[in-house]
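So the chains spell out like this:
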Amino acid sequence: MMLCLILVALAVAACGPRSPITDSAAGVAVTDPPLPPDLRDAADALAAGRPWRATELLTPILRDPSRRTPEALLLAARAAAAWHGWSEVERLLQGERWLDSAFDGRARALLARALLEQHDDSSALRQARLALAAAPADDPDVLGARLVLLARAYERGELADSARRAWERAARELPAVSDWLRLRAAALSPDSAARGADYAAMTALAAVRRVPATEAAALLRAGDTLRAAEAYDALGERATALRLRAAVADSAGRAAIRRDLVRLVERRRGTGEARRAAAVLDDLFAPLTASEELAVARSAADAGPAARAARGFARAFAARLGTTRDRFAYASALSALGRDRDAAREYGRVRRGSLAPRAAYLRARALLRAGRGREARAALRRVAARYRHDASAASSAIFLLGDLAADARDDHGARARFRELARRYPRSHFAPRAELLAALIAFANGDERTAAAELDALVERHPHSDEVNAATYWSARAWAAEGATEKATTRWRRLVERSPRSYYSLLAARRLGIESWSPSSAPDSFPRLAGVDSALDRAAILSRLGLRDEARREYASLSADPDASPERLLATAAALRAHGLAWRGIALATRALSRGAPRDASTYRLLYPLPPGGVLAAAARERDLDPALVAALVRQESRFDPDAVSRAGAVGLMQIMPRVGRQLASALHFPVWDTELLRQPDVNLRLGTSHLAAALHDQAGVARALAAYNAGAARVARWITKRGTDDAEMFVERIPYAETRDYVRIIERDRALYRALYGDAVAAE
């Protein structure tokens, strides 16, 4: 009962990420007056975890001055807070005259949180004080949540003593998460004995593990720099320790620390610690010497950032330092930065030694990306001729020449290049793929018998290649086209038996008219684990309070045991799913499977989850899409992590770029836009399914639509000019990008698996 009350109160006072929000506007549901009828649908949507829907329902109400009541404004602010629309919360509440006369200061608390999240710290502090003053004295849950807001605001304002006292008071009001709140207080306490007493009283394992880091921070705040440095050293944070020692060292000591930092960069090259050490060097000792720049550049070349690597190499070369390998690394950093012309120039300077063949090939690729296609093709031909004894470089060049010929619809030239590669470099890792493409070109051009013979030979020559399944499937298709039905059937059956869970097995089963593989039936029955449930409850409360780092550490603690049994891993994954966090359980279920967990439907439903509440199926069917297709795409894009962000900046379940999201939202007449909406599962699915439906409308078939979703419609427009690509299966095989080719194949395979696992819940209508 205590936990339930805390969750209710925190949902109102803190409005954290994507957790169920109760419909109470007063903190204690039983004392709330009933909502006006025109607000009930919005309140229901909010309670069901669909805050954006609540915002949509409330927008026309708020536009009508006669209906723009304090109840409507507070409900709208709660909805916006739940989807992290903090600027919208501020817009709705700032300046309203009723903030102190209604709802026990709940609107003030929301406004304080919104200002905190937007880093308007002084205004947040004023609002947090007003919210606390209005808190019901007999409601510890609401009081505790507002104390957390106040503590955060004090901490942001560098008011350490006030912040510490607020954290301590909050810990007394919120015992479920008191360990974490006491940790925040301890970090601000100058009294080591008091800190020690707090640490000794802690029981939550994830919080206990943070004690050493908290003590290091407390020592630093207390001004005990050398002891803080020792504490960071003990934590393995050597770069931080050296930074602290440099702050109190004399000139001789700083010189020694500088040397230590350089050695750390050199010895831990390519690691996060080396990156941090390089940052300390840049912050405290710039300008660096040329030899120091070279050390930093070498490390940054391995682990980033590429811009720092490029800058360091340029300065080192200006001082006539560096090796041929450094020149190669410099060119690679320039390439990673998209400076293709500069990269081509630098690769061209690597003319001797073991790296010269690879550099020549990468120079050609850089020229190609820079739009100098004719020069790039000539460079590739020179690589194939000049470095014919280097199998890696020469085979790479020949393969790319074949791909370029295929893109130019020169099937004869492409086939000749692929066959040349297979003949000259039969042990190259490109050889099986080249043989497959050569045979597929023959198939696409109507020479099925040649294709069948070459594909069968590929299987014989490369029995362990990744291309064996593809070769077996297409050999069967070629024999079937020749009228050799028995040969085709034999190969398809062999494929189904050998690789039942593969994409090609799925295609073969369809050709044979049989059911594709699915896991054996099993009910979802997993034991409850008390420690897991308590950790998840703490994480939920911490999230609602806005203490995201602490919440993440609670979640991380659930997968910290390297020796966990398969049964425990599955039970933990199931608990995460029950808390609406199925995406966190995928990694645990994968570990369980590798340790012998049963390959049945209950395990696979943890590996292939669905968002709660039927939001995926609803979004799919609104656009006349197969929910199983959408589910498979979401799993491939984000593994169902609503906070996933790609390297390119795509966000959420269906990995939508913010610019595209804004365009889609405008087309769908969203009343408000904020990039944070992409992290809301129902909103992301609504936008993503709209985008996918448009791709399906523009493209002929699912395979092309998926390729366009991944690689862009412009590329698909080029790929469909290749011979044979009116056949969807051939189109997939002739996609030149391995990433996109695998993307389409995996989604097609997983689509069938989702149908098998969930039946009517994701069945196409």
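A brief structural summary. (Residues numbered from 1 in each chain as written. Predicted model: local features only at pLDDT ≥ 70, side-chain atom pairs only at ≥ 80, totals over all residues. Heavy atoms only, no water.)

**Description of helix α43 (residues 738–758)**
(1) Moving on: With 21 residues, α43 should cover 30 Å at 1.5 Å per step; its first-to-last C-alpha distance of 30 Å lies within 8% of that length.
(2) Moving on: Once α43 ends, the next one or two residues include G759, with phi positive near 55°. (Helix = DSSP H or I, 4+ residues; strand = E, 2+ residues; numbered from the N terminus. Expected span 1.5 Å × (residues − 1).)

**What to know about unusual backbone geometry**
(1) Moving on: For the peptide bond that leads from A286 to P287, omega is 0°, which places it in the cis range.
(2) Moving on: Cis geometry is found at the peptide bond from G304 to P305, where omega equals 0°.
(3) Moving on: Among the structural elements, P305 can be located in the loop between α18 (290–303) and α19 (306–318).
(4) Moving on: One non-glycine residue, E158, lies in positive phi territory at about 60°.
(5) Moving on: Position of E158 among the secondary structure elements: in the loop between α8 (140–156) and α9 (160–173).
(6) Moving on: We note that D624 has phi near 55°; this positive angle belongs to a residue other than glycine.
(7) Moving on: As for its position among the elements, D624 is in the loop between α36 (615–622) and α37 (627–638).

**Observations regarding the packing of aromatic side chains**
(1) Moving on: As enumerated under the stated definition, the model contains 20 aromatic pairs in all.
(2) Moving on: Seen in terms of ring centroids, F313 and F317 are 5.9 Å apart; in terms of plane orientation they differ by 15°. Their pairing is stacked. Placement of the pair is F313 and F317 together in helix α19, with a separation of four residues, close to one helical turn. Note on accessibility: F313 and F317 belong to one class, buried.
(3) Moving on: Pairing Y604 with Y608 gives two aromatic rings, centres 6.1 Å apart and planes at 10°, and the pair type is stacked. (Phe/Tyr/Trp six-rings, centres within 6.5 Å; stacked < 30°, edge-to-face > 60°. Buried < 20%, exposed > 50% of the residue type's maximum accessible area, 1.4 Å probe, protein only.)

**Digging into the layout of surface pockets**
(1) Moving on: Of the volumes computed, that of the second largest pocket is approximately 1100 Å³.
(2) Moving on: Lining of the second largest pocket is provided by 42 residues; of these, R365, L400, D403, P736 and Y737 occupy positions nearest its centre.
(3) Moving on: Breaking the lining of the second largest pocket down by element, the ones donating at least two residues are α22 (356–369), α24 (391–407), α26 (431–444), α40 (702–711), α41 (713–719) and α43.
(4) Moving on: Sort the elements by how many residues they give to the lining of the second largest pocket and α24 lands first, with seven residues.
(5) Moving on: For the lining of the second largest pocket, the residue count by class is 20 nonpolar, seven polar and 15 charged. (1 Å grid on protein atoms, 1.4 Å probe; cavity = no way out; pocket = protein on both sides within 12 Å on 5 of 7 lines; lining within 4 Å. Points joined across faces, edges and corners; volume = space filled by probe spheres on them. Nonpolar A, V, L, I, M, F, W, Y, C, P; charged D, E, K, R; others polar.)

Keep in mind that these numbers describe shape and distance, not what the molecule does.
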